[in-house]
Amino acid sequence: MESKSILVVEDNELNKKLVRHLITKAGYTVYESIDAETGIQLARDHQPDLILMDIQLPGMDGLEAARVIKADPELKHIIIVALTSFAMEGDEQAVIEAGCDGYITKPISTRDFNGRLLQYFNE
Ligand SMILES: [Mg+2]
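Residues numbered from 1 in each chain as written. Predicted model: local features only at pLDDT ≥ 70, side-chain atom pairs only at ≥ 80, totals over all residues. Heavy atoms only, no water.

Taken together, the protein donors to the magnesium ion comprise D11 (OD), D54 (OD) and Q56 (O), at separations of 2.0 to 2.1 Å. With a relative accessible area of 60%, Q56 lands in the exposed category. (Donors = N, O, S within 2.8 Å, 3.2 Å for Na, K, Ca; no water. Buried < 20%, exposed > 50% of the residue type's maximum accessible area, 1.4 Å probe, protein only.)

Let's shift gears to the sheet that holds strand β2 (residues 29–33). The sheet built from 5 strands is open, its strands ordered β2-β1-β3-β4-β5 with parallel pairing. Every other strand in the sheet has two partners, leaving β2 and β5 (102–105) as the edge strands with one partner each. Within this sheet the neighbouring strands show an average axis-to-axis angle of 20°, counted without direction. Where strand β1 (residues 5–9) lies against β2, 5 bridges are found, and the strand directions are parallel. Bridge pairing links V9 to S33 in β2. In the packing of helix α1 (residues 13–25) onto the sheet, the strands contacted are β1, β2 and β3 (50–54), and the crossing angle to β2 comes to about 165°. (Pairing = 2+ DSSP bridges. Helix = DSSP H or I, 4+ residues; strand = E, 2+ residues; numbered from the N terminus. Axes fitted to C-alpha atoms, helices over the stretch in contact; angles between N-to-C directions. Contact = heavy atoms within 4.5 Å.)

Here we come to the nonpolar core. Residues I51, M53, I69 and I80 are the most contacted members of the largest nonpolar core, which totals 21 residues. Mapped by element, the contributors of at least two residues to this core are β1, α2 (36–46), β3, α3 (62–70) and β4 (79–84). (Core = buried A, V, L, I, M, F, W, Y, C linked by side-chain atoms within 4.5 Å.)

Turning next to unusual backbone geometry. For the bond running from K106 to P107, omega is 0°, close enough to zero to count as cis. For P107, the location among the structural elements is in the loop between β5 and α5 (113–121). Despite not being glycine, Q47 shows a phi value in the positive range, around 45°. Structurally, the position occupied by Q47 is in the loop between α2 and β3. For Q47, a relative accessible area of 33% translates into the label partly exposed.

Let us look at the pattern of salt bridges. By the definition in use, this model includes 8 salt bridges. With its nearest N and O atoms 3.6 Å apart, the salt bridge here joins K16 to E13. With a gap of 3 residues between them, K16 and E13 both fall in helix α1, about one helical turn apart. Look at E13 and you get partly exposed, because its relative accessible area is 46%. Across the pair D101 and K70 runs a salt bridge, and its minimum N-O distance is 3.0 Å. A residue pair is termed long-range when its members are at least 10 positions apart, and D101 in the loop between α4 (91–97) and β5 and K70 in helix α3 qualify at 31 residues. By relative accessible area, which is 22% here, K70 ends up partly exposed. (Salt bridge = Lys/Arg side-chain N within 4 Å of Asp/Glu carboxyl O.)

So, on to the side chain of D54. Looking at where D54 falls in the secondary structure, it is placed in strand β3. There is a polar contact of 2.9 Å between the side chain of D54 and the side chain of K106. Excluding residues within four positions of it along the chain, D54 makes contact with V9, E10, D11, G62, L83 and K106. (Polar contact = N/O pair within 3.5 Å; in protein donor to acceptor, adjacent residues only side chain to side chain.)

This part takes up α5. Inspection of α5 places F113, L117, Y120 and F121 among the buried residues, and these make up the whole buried set. Angularly, the buried residues of α5 cover 100° about the axis, an arc narrow enough to put them on a single face. Along its buried surface, α5 packs onto β1, α1, β3, β4 and β5. (Arc of directions from axis to C-beta.)

What follows is the structure, given as structure tokens:
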């Protein structure tokens, strides 16, 4: 079976390390970026099946990156799952309006994480 690939766009080293650990263990191919601009380029280069997108990033934020990806005919099929702490009221709506297919809240629950990803792949 061909393994699914996931692009992680996350600037926090600890979160990135945790997510990398979880999805590598589950057998996914992983690409990583710490900023949105590089993330979008990696999405173009590798056409991952899913993007885990941190919202708060240096420079372009994750919401803007989601809009760019979902406006691009070559990229819009890619599932985007926001990684967010929902610090601000209205964040959930903003994530969906930006075109994200869903979200996983921080702090990341290691127990549920890969199960959540499977739900997105089974759609
Ligand atoms: Mg961040």
